[in-house]
Amino acid sequence: MEVYSRIRTPTILFVVIFAALTSLALGCKVGFYQATCPRAESIVQSVVKSAIRSNPTYAPGIPRLFFHDCFVNGCDASVLLDGSAPEQTASTNSHLRGFEVISTAKARVETECPGVVSCADILALAARDSVVETGLPRWEVPTGRRDGLVSRAEDALKLPGSRDSAEVQIEKFAAKGLNIEELVTLVGGHTIGTSACARFVHRLYNYSNTNAPDPHIDQASLPHLQTLCPEHGDRTIRVDLDTGSVNNFDTSYYENLRKGRGVLESDTKLWTHHITQNLVQQFISVGRPNQLTFSKKFARAMVKLSQVEVKTGNEGEIRRVCNRIN
């Protein structure tokens, strides 16, 4: 696969914004490990960069892993835990990837600073670093989270689903303290990565028992999707979520929604709902200023997501390895 392009944006545009955003972190702060493990962030960045160069699918995989973690009992690395029916065994988590990258980063950080840096923080940093590798400017991530002690597959039912209506998505995001604009912005993460046919094949042949495809799918794109995902074919086949720009973190995903080229039903619903459509529209106009707007809003939304139900102080623990409690 091609090496990801990088948008060269002056970092100064983001400094003031993220200085203010760090106040959202209750018990977390930028530079939390400055005194106790000053190289923690650079170690994580190095591991992530190397992993993505070897396997570009980690670029979308790690942010998705982070998102699925935060939406289930907060950003506490519970999605990384093994055990009896943990979160990662839920059907909604069946295609998650990047576990080994986080484990590698944790092992290297532990070598330098044993028992100091949480897996929850390593996952948050790795999600940021993955996005930066695909084109967005770097932003500061508040750290100081602690790791959760519980992981249950049934709790993953809280996750947004690929068939959710806009109303259901709005409700699920609101339950985590995220507003509608943050919903539309964070779902823009689908500008990179793929989906299994199983997540959307129902749209291609017998949508809602009509014996016809979903009418919101662009008719010119439909034959291509049907070729990739035959009605009775292999449903594990992966399909790009952002046609024509799957390796670059940009705003073309939103333009594809407008054209009826959204792959997931939940994504398409963001264009067909009048409230979310207005927010999608703001990212569609072509050009560098629009990309800068998206970059800033995505980074801001990621910082807010990273504060969902975090454990700090004496809550939880600092795991020695990320897949099991101490």
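Only a predicted model underlies this, so the values are computations on that prediction, with no experimental measurement involved.

Analysis parameters
- Residues numbered from 1 in each chain as written.
- Predicted model: local features only at pLDDT ≥ 70, side-chain atom pairs only at ≥ 80, totals over all residues.
- Heavy atoms only, no water.
- pLDDT = per-residue confidence, 0-100.
- Contact = heavy atoms within 4.5 Å.
- UniProt positions renumbered as here; feature names shortened; annotations may be inferred.
- Helix = DSSP H or I, 4+ residues; strand = E, 2+ residues; numbered from the N terminus.
- Salt bridge = Lys/Arg side-chain N within 4 Å of Asp/Glu carboxyl O.
- Buried < 20%, exposed > 50% of the residue type's maximum accessible area, 1.4 Å probe, protein only.
- Arc of directions from axis to C-beta.

Now for the confidence of the model for the protein. Here the protein averages 90 in pLDDT, while 90% of its residues score no lower than 70. Every residue in residues 1–25 scores below 50 in pLDDT, and together they form 47 contacts with partners more than four places removed in sequence or on other chains.

Further remarks concern the UniProt feature "active site" (unreviewed entry) in the protein. When the UniProt feature table is mapped to this numbering, "active site" (unreviewed entry) covers His68. Residue placement: histidine 68 occurs in helix H3 (residues 58–70). Ignoring anything within four residues of it in the chain, the contact list for histidine 68 reads Thr92, Asn93, Leu96 and Leu159.

All right, on to the pattern of salt bridges then. Pairing between side chains of opposite charge can happen when their charged atoms approach one another. According to the stated counting rule, one finds 19 salt bridges in the structure shown. Aspartate 76 is the salt-bridge partner of lysine 311, the closest N and O atoms lying 2.9 Å from each other. Here the residue lysine 311 occupies a position in the segment after helix H12 (288–305), and aspartate 76 occupies one in the loop between H3 and helix H4 (99–112), the gap between them amounting to 235 residues. Exposure remark for aspartate 76: the relative accessible area of 2% places this residue in the buried category. Between aspartate 164 and lysine 172 there is a salt bridge, and its shortest N-O distance comes to 3.0 Å. Under the relative-accessibility criterion, aspartate 164 is labelled buried at 13%. On the basis of relative accessibility, which here comes to 21%, the residue lysine 172 falls in the partly exposed class. A single salt-bridge network, built from bridges that share partners, covers Glu41, Arg128, Asp129, Arg138 and Glu140.

Turning our attention to helix H6 (residues 166–175). Along H6, the residues classified as buried are Ala166, Gln169, Ile170 and Phe173. An end-on view of H6 places all buried positions within 100° of arc, on one side of the element. Facing away from the buried side of H6 by over 90 degrees, the exposed positions are Glu171 and Ala175. On the buried face of H6, the contacting elements are H3, helix H7 (180–187), helix H10 (265–272) and helix H11 (274–281). Glycine 177 sits one or two residues past H6 and shows a positive phi near 80°.

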